[in-house]
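One-letter residues, chain by chain:
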Amino acid sequence: MESNSVEPDLYDRKCGSRQVLDRIGDRWSVLVVLTLAKGPKRYGELAQRIDGVSQKMLTQTLRGLERDGLVTRTVHATVPPRVDYELTDLGRDLRSLVAGLEAWATDHLAEVEAARARYDARQQA
């Protein structure tokens, strides 16, 4: 495959690097990667773990992650068919970055909530 000699530019909406950032920065993608970081899961297990995701969004997210090489989909020849999703090596490489986002969000939740309360109070005044 031929490589593009142009440097990636995240700020250019047409750049492939921007599309990758959009994929890995999507909230559903982050939650799927975090869930799969604990090992392979079936579709129903993902849907149960990720509160609020619709069937349509979970399916679209899984397809996008699979297309980008971050997730594999394995269909087992059973009745009914069993489908497992698992992080690829590339997806596992992303895991530490996404885990850092998770840690930051939980570590700073109280500070963010306090900032929101202050902001909302100023807006009402």
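Report follows, based on the coordinates. (Residues numbered from 1 in each chain as written. Predicted model: local features only at pLDDT ≥ 70, side-chain atom pairs only at ≥ 80, totals over all residues. Heavy atoms only, no water.)

### Some remarks on the overall build of the chain
Secondary structure summary: the chain contains six helices and three strands in total. Element order for the chain, N to C, with α for helix and β for strand: α-α-β-α-α-β-β-α-α. Since a compact globule built from 125 residues should have a radius of gyration of about 14 Å, the 18 Å found for the chain marks it as more spread out than a globular shape. Here the chain holds 125 residues, and the buried ones make up 25% of them. When the accessible surface of the chain is summed, it comes to about 9,500 Å², and 51% of that surface belongs to carbon and sulfur atoms. (Helix = DSSP H or I, 4+ residues; strand = E, 2+ residues; numbered from the N terminus. Rg over C-alpha atoms; globule rule 2.2 N^0.38 Å. Buried < 20%, exposed > 50% of the residue type's maximum accessible area, 1.4 Å probe, protein only. Areas by Shrake-Rupley, 256 points an atom, 1.4 Å probe, with all protein chains shown as cover.)

### Considerations on the nonpolar core
In this structure, Val 32, Leu 36 and Tyr 85 are the most contacted members of the largest nonpolar core, which totals 20 residues. Elements with a contribution of two residues or more to this core: helix H2 (27-36), helix H4 (55-67), strand E3 (82-87) and helix H5 (89-107). Contacts of Val 32, omitting those with residues within four sequence positions, involve Ile 50, Leu 58, Thr 61, Leu 62 and Leu 65. (Core = buried A, V, L, I, M, F, W, Y, C linked by side-chain atoms within 4.5 Å. Contact = heavy atoms within 4.5 Å.)

### Quick notes on H5
In a regular helix each residue adds 1.5 Å, so 19 residues correspond to 27 Å; H5 covers 28 Å between its end C-alpha atoms and thus fits that length. Buried within H5 are the following residues: Gly 91, Leu 94 and Val 98. On its buried face, H5 sits against helix H1 (16-25), H2 and E3. Taking the backbone nitrogen of Leu 90 as reference, a side-chain oxygen 3.3 Å away marks Thr 88 as the first, capping residue of H5. (Expected span 1.5 Å × (residues − 1). Polar contact = N/O pair within 3.5 Å; in protein donor to acceptor, adjacent residues only side chain to side chain.)

### With respect to a nonpolar patch on the surface
A cluster of nonpolar side chains, Leu 10, Tyr 11 and Leu 21, forms an exposed patch at the surface whose accessible area comes to about 360 Å². Tracing the backbone shows Leu 10 in the segment before H1. (Patch = residues over 30% accessible without salt bridge, like charges linked within 9 Å, V, L, I, M, F, W, Y side chains within 5 Å. Salt bridge = Lys/Arg side-chain N within 4 Å of Asp/Glu carboxyl O.)

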